[in-house]
Amino acid sequence: MTDAALRLMDRHNVAVDKIQPLAVACLELIESCLYRRSLYLMITASLAYCHRQIQTLLQCKIITEAEVKDLCLKAREILVEESNVQRVDAPVTVCGDIHGQFHDLKELFKVGGECPKTNYLFMGDFVDRGHHSVETFLLLLALKVRYPDRITLIRGNHESRQITKVYGFYDECFQKFGSANVWRYCCEIFDYLSLSAIIDDRIFCVHGGLSPSINTIDQIRTIDRMQEVPHNGAMCDLLWSDPDPDSCTGWGLSPRGAGFLFGESVAKPFLHNNGLELIARAHQLVMEGYKLMFDEQVVTVWSAPNYCYRCGNVAAILEVDSNLNREYRIFKDSDRSSMNSRTNPQREGPPDYFL
Amino acid sequence: MSITDRVLLNNHLRHEGLTTVSHDWTMVKAGSLVEKQTLVTIDADATVEDACEVLLKNGITSAPVYDNSKKMYVGMFDYGDLMTYILLLLKKMDVALEDQSMEMRDLIQRTSRSQNVPVKLASDLSGKDPFCTVLEETRLGAVVHDFGTGIHRVAVMDAGGNMKGILSQSSTLDYLMRHLSEYPQLQPVMQKSLQQCGLSNGRVLSVNGDEKVLDALISMSTNSVSSLAVLDDQGVLLGNISMTDIKHIMKNLRTSWLWITCFQLVCKIRLSQGVESGEDQYPVLDVNAKSTFGYTLSKLQATKAHRMWVVNDSGCAVGVVSLTDVFRVLSGLIDTDD
């Protein structure tokens, strides 16, 4: 019984020994509500602020640098509490790479349902290559801050300082904000993102794939994730590896120069030993939007349609219902994006980070 | 042994081609490695721009040049030759600012028209890679010896003087790695560290990320190297520029890329490669002094790179392991066996 509850009972001349446990609980609840009333006003003001931010971002408009800093601070507080293997409850819709294709992300929300009505799990690679990496990432972050239990964001290999300097996000931040500050704030947030997620203990979601240093999900929990993605080791492998359906012979070095290729003889035992029914991952372009491998026990989900505004692929999302039934939904690029690729097939002017 | 090394060693021992009979890798015939090759050749009288088309279309970095009038092969044409040719002419020409964005084809057309240079004169221009031939019967031991001296590829000929195929350093490495389990003589060296092999440090020819691509290409040409490390102000490795990257410049047919910075070129190449293959590559391909020889070879094979930069703990380039270095080490094994 809290001190507050005792004081409350004292005020109302209620004898401690006469009161029922349930009543005590009620008293405590009322007391805490009264205490929280002062916080209530702060929270609603904050929610209204988040809501405004989300509305701005939904229109593909930029918020100020100061707002970005503030958003990142709020996001950090939420993300720091999350596990390296974040537990997610079904039903949830699992999404792959977005790569700054903001209008296609909105298309995704049209197809899958708006957040928070639909729960979402994004498997990383929010930035780089597309024209709107900034708006894309900030929107997802704002949604995370507003609805922390309805959207899960895990780290992709592009959520990294070194990679974003090469593949476009750094340049976009500089062009849109005039300095590298926003890029720095975002990179700090990247360090806090979970490495993976697990849906109802049965579906394991990670951006890249498996690691020869990891045999159990528990081992992932021991990684110190709050750092720049290392060049090798378990954390790097989880974000960089690829399944190799053509090979059954275990592990191979990746042609990417980081992470590994893993075959059926690695994937199946991992699934079995960890009581999993599926590994969902992203990281590789799939023309048909999604690709099942290893007797449908590993799936690649790719959510950036007409990748780089020219690949002509469709995108997919994986809808997992409360019984863990899976349905794949395909979608094409939005009209806004199509216009983009038609009028600018080979861009010469800015943004010149984009090829 | 690190986890990686253990994994790779087990992998090699389990690979296809498992046999209990031990073979001598040095005795493999050159002809057997090019058996299934479709030969691509360039006509000696073709224009330089058409020769580039051939390389680009077939996704290769070099092709033998055949002279119909002489009825023989007169050399090899590769990107190194192309760049040397362009640089020579650019040095002579003062390319006006408005011309800096013209199509590469036009540049070559213009320069070759004014100079009238057919491919047969442009081939082997770089002087780095003379046209070398071996017979089908030549043993791998001898070929590897040539590779160790800096020859990147040899033309394999039959007894009648017909070309059967081109055997390159890359394809030879790929062959050896695929059949490693058949050649136990190679296994001890695979487990040595780069330091033990004497490959962990050496001269690193580099260019700062802010320098212009054209200057880097000139530097490569002057120093007779096919690659430069791209470094930041602290000496940290950002990526690399090599002669084969020129194919990306050619593909996009923009000479304006000659005037961007080296780091920008690294980015453009990575962006381009990633879209083509559907998977993005890590910007730097490196190993460290403690990496094993076997790991380095596996990474060269997997990434299809021609060199691995050796970096220290801070990410600064301290050495390089090229395919030539690899074959020099392998060639050294043969000498010790004798």
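Worth saying up front: this structure is predicted, and the values here are computed from it rather than measured.

Draft legend 1. Examining the overall build of chain A more closely. Along chain A, the regular secondary structure elements total 12 helices and 14 strands. Taking all 355 residues of chain A together, 57% fall into the buried category. Across chain A, the fraction of contacts at a sequence separation of at least 24, relative to all contacts at a separation of at least 6, is 70%. Carbon and sulfur atoms form 51% of the exposed surface of chain A, whose accessible area is close to 15,300 Å².

Draft legend 2. Molecular detail of helix H7 (residues 169-177) of chain A. All names here are of chain A. Every buried residue of H7 is listed here: Phe 169, Tyr 170, Glu 172, Cys 173 and Phe 177. Relative to the axis of H7, the buried residues are bounded by an arc of 165 degrees and lie together on one face. The secondary structure elements touched by the buried residues of H7 are helix H3 (65-79), helix H5 (133-146), helix H6 (161-167) and helix H8 (181-192). Two residues or fewer past H7, Gly 178 is found with a positive phi of approximately 80 degrees.

Draft legend 3. Spotlight on the nonpolar core. Formed by 89 residues in total, the largest nonpolar core has its most connected members in Phe204(A), Trp25(B), Leu140(B), Leu167(B), Leu176(B), Phe293(B) and Leu330(B). Judged by nonpolar contacts, the second largest core, of 49 residues, contains Ala75(A), Cys173(A), Trp183(A) and Leu193(A).

Draft legend 4. Broad picture of the pattern of salt bridges. All names here are of chain A. Applying the stated rule across the entire model yields 23 salt bridges over all chains. The residue Lys 176 makes a salt bridge to Glu 135 at a minimum N-O spacing of 3.0 Å. Taken together, the residues span a long stretch of sequence, with Lys 176 in helix H7 and Glu 135 in helix H5 at a distance of 41 residues. Judged by relative accessible area, which is 31%, Lys 176 ranks as partly exposed. Between Glu 327 and Arg 329 there is a salt bridge, with the nearest N and O atoms lying 3.9 Å from each other. Residue Glu 327 is classed as partly exposed on the basis of its relative accessible area of 43%. It is possible to trace a salt-bridge network through shared partners that takes in Arg 155, Arg 161, Asp 191 and Glu 228.

Draft legend 5. Up close: the packing of aromatic side chains. Residues and elements named next belong to chain A. A complete count under the given rule lists 17 aromatic pairs over all chains for this structure. An angle of 55 degrees between the planes, with centres 6.0 Å apart, marks the rings of Phe 204 and Phe 270 as tilted. Linking Phe 204 in strand E6 (residues 203-206) with Phe 270 in helix H11 (residues 264-273), this pair joins segments that are 66 residues apart in sequence. Exposure remark for Phe 204: the relative accessible area of 0% places this residue in the buried category.

Draft legend 6. Inspection of the sheet that holds strand E10 (residues 278-281) of chain A at higher detail. Residue and element names in this part refer to chain A. Here we have 6 strands laid out as an open sheet, ordered E1-E5-E6-E10-E12-E11, and mixed in their pairing. Two strands in the sheet have a free side with no partner beyond their single neighbour: strand E1 (85-88) and strand E11 (290-293). Each adjacent strand pair in this sheet contributes to an overall mean axis angle of 20 degrees, direction not counted. Note that E1 and strand E5 (residues 196-199) share 4 bridges and pair parallel. Across the sheet, Val 85 pairs through a bridge with Ser 196, a residue of E5.

Draft legend 7. Layout of the side chain of Gln101(A). Residue and element names in this part refer to chain A. Residue placement: Gln 101 occurs in the loop between strand E2 (92-95) and helix H4 (102-112). According to the relative accessible area criterion, Gln 101 is buried, its value standing at 2%. Reaching out from Gln 101, the side chain makes a polar contact with the side chain of Asp 104 at a distance of 2.8 Å. Polar contacts involving the side chain of Gln 101 include one to the main-chain carbonyl oxygen of Pro 305, which spans 2.8 Å. With residues near it in sequence (within four places) discarded, Gln 101 still touches Thr 136, Ala 304, Pro 305, Asn 306, Tyr 307, Cys 308 and Tyr 309.

Draft legend 8. Molecular detail of unusual backbone geometry. Residues and elements named next belong to chain A. Looking along the chain, the bond that leaves Ala 90 and enters Pro 91 is cis, with omega of 5 degrees. Omega for the bond connecting Cys 115 with Pro 116 falls within 30 degrees of zero, at 15 degrees, which places this linkage in the cis form. The backbone phi angle of Cys 60 is positive, close to 60 degrees, even though this residue is not glycine. Locating Cys 60 in the fold gives a position in the loop between helix H2 (21-58) and H3. Non-glycine residue Asp 128 carries a positive phi angle of around 85 degrees. Following the sequence through the fold, Asp 128 ends up in the loop between strand E3 (120-122) and H5. The exposure class of Asp 128 is buried, given its relative accessible area of 0%.

Draft legend 9. A look at the interface of chain A and chain B. Counting from both sides, the interface comprises 34 residues of chain A and, opposite them, 30 residues of chain B. Buried surface at the junction of chain A and chain B, summed over both partners, amounts to about 3,000 Å²; 57% is from carbon and sulfur atoms. Remark: the boundary between chain A and chain B carries 1 salt bridge. Between Arg129(A) and Asp280(B) there is a salt bridge, and its shortest N-O distance comes to 2.6 Å. At the junction of chain A and chain B, the tally comes to 11 residue pairs in polar contact (both at pLDDT 80 or more). Of all the elements in the fold, those that place two or more residues in the side of chain A that touches chain B are H6 and strand E8 (251-253) of chain A. Take the side of chain A that touches chain B: its biggest share by element is 5 residues, from H6(A). Here the residues of the side of chain A that touches chain B are counted per class, giving 16 nonpolar, 11 polar and 7 charged.

The rules behind each value
- Residues numbered from 1 in each chain as written.
- Chains lettered and ligands numbered in written order.
- Predicted model: local features only at pLDDT ≥ 70, side-chain atom pairs only at ≥ 80, totals over all residues.
- Heavy atoms only, no water.
- Helix = DSSP H or I, 4+ residues; strand = E, 2+ residues; numbered from the N terminus.
- Buried < 20%, exposed > 50% of the residue type's maximum accessible area, 1.4 Å probe, protein only.
- Contact = heavy atoms within 4.5 Å.
- Areas by Shrake-Rupley, 256 points an atom, 1.4 Å probe, with all protein chains shown as cover.
- Arc of directions from axis to C-beta.
- Core = buried A, V, L, I, M, F, W, Y, C linked by side-chain atoms within 4.5 Å.
- Salt bridge = Lys/Arg side-chain N within 4 Å of Asp/Glu carboxyl O.
- Phe/Tyr/Trp six-rings, centres within 6.5 Å; stacked < 30°, edge-to-face > 60°.
- Pairing = 2+ DSSP bridges.
- Axes fitted to C-alpha atoms, helices over the stretch in contact; angles between N-to-C directions.
- Polar contact = N/O pair within 3.5 Å; in protein donor to acceptor, adjacent residues only side chain to side chain.
- Buried area = accessible area lost by both parts, 1.4 Å probe.
- Nonpolar A, V, L, I, M, F, W, Y, C, P; charged D, E, K, R; others polar.

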